[in-house]
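Residue strings, one per chain:
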Amino acid sequence: MSAHRHHELPPTAGLPLQLADLWPGRRDLATLVATQIGSPPLILTCSGSAAFMVALKTLAARNPQRRRVVVPAYTCPLVALAVHQAGLEVVPCDVRRSHFDFDPDSLRKACDERALAVVPTHIGGRVADVADARAAARAVGAAVIEDAAQSLGARAHHASVGLDGDMGFFSLAMGKGLTIYEGGLLLARDPRLRSELVRTAHELARPDFHWQSRRCLGLLGYWALYRPRGLRLAYGRPLRRALRANDPVRAVGDDFSLPLPLHAVGTWRQAVGARAAVRLPDFLYACLERARRHVPRLKAIAGVRVLEDAPDTFGTWPFFLLVLESSRWRDAVLERLWPAGFGVSRLFIHALPDYAYLRGIVPGMDVPNARDFAARSLTIGNSPWLTDADMDRICEVLERTRS
Ligand SMILES: *Cc1c(COP(=O)(O)O)cnc(C)c1O
């Protein structure tokens, strides 16, 4: 059997765009998505990180004496950069063993009266324990900001994620499901807090011709190339180049730099996103159906753990997040499948304190469970093009490489 798939699969399930989405027009993307997920009004921003910064700056203006933001030690490096750019301190907190969510004891040690916010993070559509984060935050008077960047459409206790905390944000970046190439949505339950967020968002996001043009071109590129033929060029080739250069951080696109741009989102990208968003519920349902088919198979392989929904939560399935018994096994699987076009990849390469470029932003500290999770986890993209034959091949490699 050939080692490489003929057409490239993406590492996450993005909602593909159609030609008819691209016509000019005016639509209110934020209102449409709020109706779909049943949330209070959403605030559209130029990225998930920008939405997070709006939340942080608003909170910091209310509580100038609190400067610390407690985040999982295994999360997107953009989270740390956004905290830093907002003029605040990153406090990484270790995760539970074999999981991405906060370890409850470590969380209580990380929280004191200097904490401005705690950031429970819903990774890959799986819902984090916001109730526990809320208890730890309340005990010291901190706020809760849910990072739902990867989880638009996920529900917990019969409501959208983002509504259990004080605030929540989604990402509309490429590959995170619904996309306008780069964008974000911010929500708050409390109407007073929401109007403060609107004001901060307005102050931070000025019209910017340069960024606006770049993002429009990016979105056109996404329309043209986010399909198996185009992905080889846009995703597969740069991926394999980075892997050959032994640069896994670049391979997963974890290499970001400051400052993160802050600007307004133009009407055309909003209109494109709103037309695509109409297809989002069906798209998420199709992802769920594939998950129902593939997850039992993956779980049946001895030594493989697949992260699934916690009780009373209904997540989305952009990819499958697996934790293998040993890092040696994980590395053997990746050696065969990462460059091979099957959409098998890694999520974040390191625990936050271990990114060289975050030194000076993230304090060095011991986060053994986050490091272990980074070393033993891998992802399988759950895109519309993932076939049963692809899954056969992936399972075969998982079974054969186990040592
Ligand atoms: C992508 C991501 C972000 C940042 O969102 P952008 O829209 O890319 O700025 C934040 N947190 C997590 C967990 C993410 O995956």
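Residues numbered from 1 in each chain as written. Predicted model: local features only at pLDDT ≥ 70, side-chain atom pairs only at ≥ 80, totals over all residues. Heavy atoms only, no water.

This part is about the site of the ligand. Close to the ligand lie 15 residues; Gly48, Ser49, Asp147, Ser171 and Lys176 are nearest. Ser49 places a side-chain nitrogen or oxygen 2.5 Å from an oxygen atom of the ligand. Within the side chain of Gln150, one N or O atom sits 2.9 Å away from an oxygen atom of the ligand. Here the ligand, which alone exposes 380 Å², has 95% of that area covered by the protein. Listed by contribution, the elements that provide at least two residues to the shell around the ligand are helix H2 (48–62) and helix H3 (77–85). When grouped by side-chain class, the residues that make up the shell around the ligand number five nonpolar, eight polar and two charged. (Near = heavy atom within 4 Å. Polar contact = N/O pair within 3.5 Å; in protein donor to acceptor, adjacent residues only side chain to side chain. Areas by Shrake-Rupley, 256 points an atom, 1.4 Å probe, with all protein chains shown as cover. Helix = DSSP H or I, 4+ residues; strand = E, 2+ residues; numbered from the N terminus. Nonpolar A, V, L, I, M, F, W, Y, C, P; charged D, E, K, R; others polar.)

Looking now at the packing of aromatic side chains. Considering all chains together, one arrives at seven aromatic pairs under this definition. Between the aromatic rings of Tyr226 and Trp385, the centroid separation amounts to 5.6 Å while the plane-to-plane angle is 55 degrees, which identifies the pairing as tilted. Of this pair, Tyr226 sits in the loop between helix H7 (209–225) and helix H8 (228–244) while Trp385 sits in the loop between strand E14 (377–381) and helix H14 (388–401), and the two are 159 residues apart along the sequence. For Trp385, a relative accessible area of 22% translates into the label partly exposed. Summarising the aromatic geometry, the rings of Trp317 and Phe320 are spaced 6.0 Å apart at their centres and angled 50 degrees between planes, so their arrangement reads as tilted. The same class applies to Trp317 as to Phe320, namely buried. Note that Arg126 overlies the ring of Trp317, its terminal NZ or CZ placed 3.6 Å from the centroid. (Phe/Tyr/Trp six-rings, centres within 6.5 Å; stacked < 30°, edge-to-face > 60°. Buried < 20%, exposed > 50% of the residue type's maximum accessible area, 1.4 Å probe, protein only. Lys NZ or Arg CZ within 6 Å of the ring centre and 35° of its normal.)

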